Amino acid sequence: MSFPTSHLFSRTFAQNCRNIEVLNLNGCTKITDSTCLSLSKFCSKLKQLDLTSCVSITNHSLKALSDGCRMLEMLNLSWCDQITRDGIEALARGCTGLRALFLRGCTQ
């Protein structure tokens, strides 16, 4: 089975940076749901995540983050226009310590 290069990078990064607490991926347009899945599997200590303008992010990412990154306190999803209410609700259920959520430009 083959994976796109960006998926391999994100998985490798997540596996080797398990103690990361702050991650800024602002403007990284190659970030996808598989990146967030890797983060949720391997980066349970993540507290702050900036996904601004990561336009391929969907509700699947938010569900994954809510399952694996329960320590999230700040999440920026500005200009991630595929995010909907369902994703936000899943996130809120799993990340009960979330204190700051930025959704600028999210029209849904």
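Residues numbered from 1 in each chain as written. Predicted model: local features only at pLDDT ≥ 70, side-chain atom pairs only at ≥ 80, totals over all residues. Heavy atoms only, no water.

- Going by an unreviewed UniProt entry, the protein chain carries the name F-box/LRR-repeat protein 15-like leucin rich repeat domain-containing protein and comes from Xenoophorus captivus.

1. A few points about the environment of Thr58
Part 1 of the argument: Among the secondary structure elements, Thr58 is positioned in the loop between β2 (48-50) and α3 (59-68).
Part 2 of the argument: Remark: the alpha-carbon pair of Thr58 and Thr84, spanning 26 residues in sequence, is separated by 8.1 Å.
Part 3 of the argument: Not counting residues within four places of it along the chain, the set of residues in contact with Thr58 comprises Asp33, Gln82 and Ile83. (Helix = DSSP H or I, 4+ residues; strand = E, 2+ residues; numbered from the N terminus. Contact = heavy atoms within 4.5 Å.)

2. Considerations on unusual backbone geometry
Part 1 of the argument: If you check the backbone angles, Ser53 has positive phi at about 65° while not being a glycine.
Part 2 of the argument: Classification of Ser53 as partly exposed rests on a relative accessible area of 24%.
Part 3 of the argument: In this model, Trp79 sits at a positive phi of 70°, which is unusual for a non-glycine residue.
Part 4 of the argument: With respect to the element layout, Trp79 can be found in the loop between β3 (74-76) and α4 (85-94).
Part 5 of the argument: Taking relative accessible area as the criterion, Trp79 reaches 41% and is therefore assigned partly exposed. (Buried < 20%, exposed > 50% of the residue type's maximum accessible area, 1.4 Å probe, protein only.)

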